[in-house]
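Residue-level structure breakdown
Listed below are the residues making up each chain.
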Amino acid sequence: MVAKLIIILCVFKCYFCDFGKEVSYNISLVLRWETLDFEWPDKDRKLESVTNRTFVPKNNFIRGFRLWQDFALITIPRWKSGVPVTLAKLTTATNSSDGRMGSPVLQPYPSWAMQNIDDCYALQSAHSIEIDSDEKLWVLDNGMIEELEHNRTVCPAKLMIIDLKSNFIIRTLIIPSEMTRPGSTFTSMAIDKYKQIAYIPDSIYDQSGFIVYDFNIDSFKRFDCEHLNVDDETFNFNNIPENLWSQFVSVSLNTDRNKLYFSIFDSDDLFFVRVSVFDENITDISTRVENLGKYGRSVQLTADPKGYMYFDVLNRKAVAQWRENSWVFQYTPHIVVQSKLLCHWISSLDIDSNGYLWIASTRFYDYVSNKVNDHKDNFRIFKVFVPRMENPKKPKTGFNAEYVVLVLFIIIIGLIIVEILMFNSD
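The structure reproduced in this document is the subject of the present report. (Residues numbered from 1 in each chain as written. Predicted model: local features only at pLDDT ≥ 70, side-chain atom pairs only at ≥ 80, totals over all residues. Heavy atoms only, no water.)

Tallied over the entire structure, the rule returns 1 disulfide. Disulfide partner of Cys120: Cys155, at an S-S distance of 2.0 Å. Measuring the twist about the S-S bond at about -90°, one finds the Cys120-Cys155 disulfide to be left-handed. Here Cys120 is found in the loop between strand E5 (107-108) and strand E6 (126-131), whereas its partner Cys155 is found in the loop between strand E9 (152-153) and strand E10 (158-163), with 35 residues between them in sequence. For Cys155, a relative accessible area of 3% corresponds to the buried category. (Disulfide = S-S within 2.5 Å. Helix = DSSP H or I, 4+ residues; strand = E, 2+ residues; numbered from the N terminus. Buried < 20%, exposed > 50% of the residue type's maximum accessible area, 1.4 Å probe, protein only.)

Rendered as structure tokens:
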């Protein structure tokens, strides 16, 4: 009897709980760099920058990555000195038969002039970028540089909104001082690309919260949220410096744009809050947040148009997927990409118009510990097509395969328990 029960439980685990399963759907290496380089105005300027160490190739690191038409936009935070460009652009078009684009140099975006340090009209340290339905690029600049060396705040944090079609800067928005708290650092962002609303987490040791910016009415609001608080006593992860912990908040709207999912770097928990809460006349949303439980530590989270959510699984070189709108077991994730080709840190995830998942992987631990080896790949960007069901939501007929399996499982377990009880009574 016990053997039967064990077999059933094993089948159930295999069917629903495949979080540890290793899968790789034809993962393709598209871009790779040992170190980054840029389109310089001339050779003399590059030589001068290398000589005076305003350009130190090993100190340049890819964080944000977003696709637009045949281009990609990339953020390069100024965590160290020697980073001449913090926002760059490159083409993703290729004539190569295998789809690889090699190691292209990056074009400063929107211009070299907008990369000037100590110029608060320019970009100081771009971290998060998003693209809305009107083809505007939203850039979150935290105004802090050299956090891994001297931790200088050179300018107030700001949002910069750029028209991608014309490269015209539409708005530069300083985050108001009344929206900030001691220790605030703004490095992650999700946007409703149709309503044009930005949700910016502010994860600090105390008084954490979300800042919400509405482009249509040009207005900022702040909402306190204790679930974003960083624990400064119990957390230590691969010797990543303490002043960077709060800079890794994974945040994303779901496909329907009615829930905001988020997790913080020093926690395995995944949370969500309904975005309608931000329209209410309240200042603290902590009690309105729901905890979905332990999902494992991650730093990236994104949604595709078909109701699927994706997040990285730190230290497993993997990306997991779950079907956000599934009727039963809607929050059960499973690994869809796990490969030794991935570097140990996934900096960004994005979905292109053809349904491909793009993965920007990096050697972040080498970077923070000053152990970058410029003779091997430190940045690799892959793309992979991950199969999805066309209709993940509950059918109107009420039939649902997962529900049927669940009911059958419960019936079988019940029969086995009855059989065990009868056997014991004899």
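Following the structure, the description resumes.
The next subject is the nonpolar core. Counting 35 residues, the largest nonpolar core has Trp33, Leu106, Trp345 and Phe364 as the members making the most contacts within it. When residues of this core are traced back to their parent elements, those giving at least two are strand E1 (28-33), strand E2 (65-68), strand E3 (71-75), strand E4 (87-91), strand E25 (356-362), helix H3 (364-368) and strand E26 (379-385). With 4 residues, H3 is the largest single contributor of residues to this core. (Core = buried A, V, L, I, M, F, W, Y, C linked by side-chain atoms within 4.5 Å.)

Right, let's get into the pattern of salt bridges. Under the definition given, this model contains 17 salt bridges. Here Arg32 ties to Glu34 by a salt bridge, and the two come within 3.7 Å at their closest N and O atoms. Each of Arg32, Glu34, Asp377 and Arg380 takes part in a single network of salt bridges with overlapping partners. (Salt bridge = Lys/Arg side-chain N within 4 Å of Asp/Glu carboxyl O.)

Turning next to the sheet that holds strand E13 (residues 197-202). One open sheet holds the 4 strands; their spatial order is E12-E13-E14-E15, and the pairing between them is antiparallel. Either end of the sheet is taken by a strand with one partner, and the two such strands are strand E12 (190-192) and strand E15 (219-224). Direction aside, neighbouring strands of the sheet carry axes that sit 20° apart on average. Two elements, E12 and E13, share 3 bridges in a ladder whose sense is antiparallel. Looking at E13, one finds that Asp192 is bridged to Ile197. (Pairing = 2+ DSSP bridges. Axes fitted to C-alpha atoms, helices over the stretch in contact; angles between N-to-C directions.)

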